[in-house]
Amino acid sequence: MLPVTLCGSLSRLASPLGRSMHEAGYRALGLSFAYVPFEVEDLAGAIVGMRALGIRGFGVSHPFKQEVMPLLDEIEGVARRIGAVNTIVNDGKGRLVGHNTDWVGAVRALEESRPLTGATVLLLGAGGAARAIAFGLRERAARTTIANRDLGKAEALAAETGATAAPFDETARAADYDVVINATTLGQSDGSVASPVPADSLRAGQLVMDIVYKPVHTLLVKAAARCGASVVHGGRMLLHQAAAQFELYTGRPAPLAVMDEALRRSIGEL
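These notes cover the structure that comes with them. (Residues numbered from 1 in each chain as written. Predicted model: local features only at pLDDT ≥ 70, side-chain atom pairs only at ≥ 80, totals over all residues. Heavy atoms only, no water.)

1. Focus on the nonpolar core
Next up, step 1: Residues Leu123, Ile133, Leu137, Ile146, Val179, Ile181 and Met209 are the most contacted members of the largest nonpolar core, which totals 34 residues.
Next up, step 2: Excluding residues that lie within four positions of it along the chain, Ile181 makes contacts with Leu110, Val121, Leu122, Leu123, Leu124, Ile133, Leu137, Met209 and Ile211.
Next up, step 3: Listed in part, the 19 residues of the second largest apolar core include Met21, Leu31, Val216 and Ala242. (Core = buried A, V, L, I, M, F, W, Y, C linked by side-chain atoms within 4.5 Å. Buried < 20%, exposed > 50% of the residue type's maximum accessible area, 1.4 Å probe, protein only. Contact = heavy atoms within 4.5 Å.)

Dropping the structure here:
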């Protein structure tokens, strides 16, 4: 039997989504890898265990994305600027490097539909997800406006990312932008199901992404599709951030179609 390379995730509450995508990818490429989600209380102890056991990679979920950073040996540049790590890679010698694939997932999902360089983007929210996306948009030289209910938070994030800040009612002018991204929890099934953008503020020809994936077909996604906009649902960002992790762990291109099928089965709505 071939030795198994272990990867996994560190979170307070384990999710089956990451495991289903990674395991499907390993099987498709015939890789001797296994993925185990760990529910963690002692983060520092988990990192010591990663070094001692030679675990190849860990995905990191909230609330550990900032807390884990001082426990690592190196932080990749964009992850350092974002101030959050969602992926740890062990180089095989016990040296642990932190990455952020959240921004990669968002950018790749959007770029399936159009280039971002020079695009005008309205980004809703200024929390952790919005922060990662804002830095990703900066990497692609998009012209971004960040709208948030707390204008001060929008201004702070805009100052770090070279964006412009606006109050949340900028959503009424969403049609003025090439790309509209909801990075808030508005529309999520366990919270407010209201759309963050008025339906009559969307237009044909623009690109609309909602990072919410429960439900996948949010009111925003439905409204954008009805008016003829291109739509990116939250599952695509989830898929692409997992694919970026897969590539860091294995050094192989991720089998996207197989991983997407596994994600669809896990969510049951796509």
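2. Some points on unusual backbone geometry
Next up, step 1: A cis amide bond links His62 to the next residue, Pro63, at an omega of 15 degrees.
Next up, step 2: The topology assignment puts Pro63 in the loop between strand 3 (57-60) and strand 4 (74-75).
Next up, step 3: At the junction of Lys214 and Pro215, the peptide bond is cis and its omega measures out at 0 degrees in the coordinates.
Next up, step 4: Positionally, Pro215 belongs in the loop between strand 11 (207-210) and helix 7 (219-226). (Helix = DSSP H or I, 4+ residues; strand = E, 2+ residues; numbered from the N terminus.)

3. Re the packing of helix 4 (residues 102-111) against helix 8 (residues 234-250)
Next up, step 1: Where helix 4 contacts helix 8, the axes come no closer than 7 Å and their chain directions differ by 125 degrees. Relative to helix 8, helix 4 is oriented oblique. As helix 4 packs across helix 8, the resulting crossing turns out to be right-handed. Here Asp102, Val104, Gly105, Ala106, Arg108 and Ala109 of helix 4 lie close against helix 8, whose contacting residues are Arg236, Met237, His240, Gln241, Ala243, Ala244 and Glu247.
Next up, step 2: Its residues placed into classes, the contact of helix 4 with helix 8 shows six nonpolar, three polar and four charged. (Axes fitted to C-alpha atoms, helices over the stretch in contact; angles between N-to-C directions. Parallel < 35°, antiparallel > 145°, perpendicular 65-115°, else oblique. Left-handed = near helix turned anticlockwise from the far one by under 90°. Nonpolar A, V, L, I, M, F, W, Y, C, P; charged D, E, K, R; others polar.)

4. What about helix 4?
Next up, step 1: Helix 4 sits mainly inside the fold: eight of its ten residues count as buried.
Next up, step 2: The complete set of buried residues in helix 4 reads Asp102, Trp103, Val104, Gly105, Ala106, Val107, Ala109 and Leu110.
Next up, step 3: Packing partners of the buried residues in helix 4 comprise helix 3 (77-82), helix 5 (128-139), strand 10 (179-182), strand 11, strand 12 (230-232) and helix 8.

5. Brief notes about the sheet that holds strand 9 (residues 164-167)
Next up, step 1: Spatial ordering of the open sheet is given by 9-8-7-10-11-12, a layout of six strands whose pairing is parallel. The sheet terminates laterally at strand 9 and strand 12, the two strands that pair on one side only. Here the average twist between neighbouring strands, direction ignored, is 20 degrees.
Next up, step 2: Examined bridge by bridge, strand 7 (residues 120-124) and strand 8 (residues 143-148) share five bridges and lie parallel to one another. Within the sheet, the bridge partner assigned to Leu122 lies in strand 8 and is Thr145.
Next up, step 3: The strands touched by helix 4 are strand 10, strand 11 and strand 12; relative to strand 11, the strand with the most contacts, the crossing angle is about 145 degrees.
Next up, step 4: Of the strands in this sheet, strand 10, strand 11 and strand 12 are in contact with helix 7, which crosses strand 11 at around 165 degrees. (Pairing = 2+ DSSP bridges.)

Everything listed here is a matter of coordinates, which is why it stays silent on function.
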